[in-house]
Amino acid sequence: MKSFLDLVEARYSSRSYSDRKVESEKIDYILECARLSPSAVNFQPWRFLIVESEQKRQLLQGCYKREWLREAPLYIVVCADKAQSWKRRLDGHDHADIDAAIATEHICLAATEQGLGSCWVCNFDADLCSEVLDLEGELYPVAIVPIGYPADEPTEKKRKSLDEIVSRL
């Protein structure tokens, strides 16, 4: 990658994966990038669960029943902990989801840099996911990120123009 923009342009939501195992060094690299993500007041209210065993993968697949998800050799489940997150004093707004989202995007970008595919999965049965992963207290799943060597190609990204999303005041 030549620049951050090159990396961002290269990242896409992969929905097909080869059966090639992801090297542990690459997983460790991705997790280190997530660990260094910024968070509100640096509270770091996240937990990253690596799901690699066939048994746990199959159980987790029940939370999001898409055939393509089964292809990924591993999942990183990004969880947030409301007991550890920062709440804005003025209105009590909890930043747990925001912090977990930032870490999730670090995971996806790091995976891309390592030649791996990923995809944000947010439309899943969170209660079943919590049960499958034995989550307790105020820890809850925010995203499931399948990780693997992509077996598909990126499609054209449809994005709004800067004029549609930027106001200069």
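These notes cover the structure that comes with them. Every value quoted in this text rests on a predicted model; they were computed, and no experiment measured them.

1. Here we look at the sheet that holds strand S4 (residues 139–148)
Taken in spatial order, the 4 strands of this open sheet run S1-S2-S4-S3, and their pairing is antiparallel. Of all the strands in the sheet, just strand S1 (46–51) and strand S3 (117–118) have a single pairing partner and so form its edges. As paired strands, S1 and strand S2 (residues 74–81) are joined by 6 bridges and run antiparallel to one another. The residue of S2 that forms the bridge with Ile50 is Ile76. Docked against the sheet, helix H2 (residues 24–35) engages S1, S2 and S4, running at close to 165° with respect to S1. Strand contacts of helix H3 (residues 54–61): S1, S2 and S4, with the helix running at about 65° to S2, the strand carrying the most contacts.

2. Description of the environment of Tyr29
Of note, Tyr29 is situated in helix H2. Classification of Tyr29 by relative accessible area gives partly exposed; the value is 33%. On a C-alpha basis, the gap between Tyr29 and Ala111 in space is 8.7 Å, while along the polypeptide they are 82 residues apart. Here Tyr29 is in contact with Ala110, Glu113 and Gln114, once residues within four sequence places are set aside. A polar atom in the side chain of Tyr29 sits 2.4 Å from the side chain of Glu113.

3. Examining the pairing of S4
Most of S4 is tucked away, with 9 of its 10 residues classed as buried. Taken together, the 8 bridges between S2 and S4 define a ladder with antiparallel strand orientation. Directly across from Leu74, in S4, lies its bridge partner Ile147. Alignment of S3 against S4, held across 2 bridges, turns out to be antiparallel.

4. Some words on the pattern of salt bridges
Evaluation of the coordinates by the stated rule reveals 8 salt bridges. For Arg70, the salt bridge identified is with Glu67, shortest N-O distance 3.6 Å. For Arg70, a relative accessible area of 40% corresponds to the partly exposed category.

5. Here's the deal with the environment of Pro150
Position of Pro150 relative to the elements: it lies in the loop between S4 and helix H6 (162–165). Leave out the neighbours within four places in its chain, and Pro150 touches Tyr12, Ser14, Ser16, Tyr17, Ser18, Gly115, Leu116 and Gly117.

6. Overview of a nonpolar patch on the surface
Together, Phe4, Leu5 and Val8 make up a nonpolar patch on the protein surface, roughly 300 Å² of accessible area in all. With respect to the helices and strands, the residue Val8 is situated in helix H1 (residues 4–10).

7. Here we look at the packing of aromatic side chains
Each pair of aromatic rings is reported with the distance of its centres and the angle of its planes. Using the criterion set out here, one finds 2 aromatic pairs in the structure. The side chain of Arg20 reaches across the aromatic face of Tyr149, ending 3.7 Å from its centre.

Procedures and definitions
- Residues numbered from 1 in each chain as written.
- Predicted model: local features only at pLDDT ≥ 70, side-chain atom pairs only at ≥ 80, totals over all residues.
- Heavy atoms only, no water.
- Pairing = 2+ DSSP bridges.
- Helix = DSSP H or I, 4+ residues; strand = E, 2+ residues; numbered from the N terminus.
- Contact = heavy atoms within 4.5 Å.
- Axes fitted to C-alpha atoms, helices over the stretch in contact; angles between N-to-C directions.
- Buried < 20%, exposed > 50% of the residue type's maximum accessible area, 1.4 Å probe, protein only.
- Polar contact = N/O pair within 3.5 Å; in protein donor to acceptor, adjacent residues only side chain to side chain.
- Salt bridge = Lys/Arg side-chain N within 4 Å of Asp/Glu carboxyl O.
- Patch = residues over 30% accessible without salt bridge, like charges linked within 9 Å, V, L, I, M, F, W, Y side chains within 5 Å.
- Areas by Shrake-Rupley, 256 points an atom, 1.4 Å probe, with all protein chains shown as cover.
- Phe/Tyr/Trp six-rings, centres within 6.5 Å; stacked < 30°, edge-to-face > 60°.
- Lys NZ or Arg CZ within 6 Å of the ring centre and 35° of its normal.

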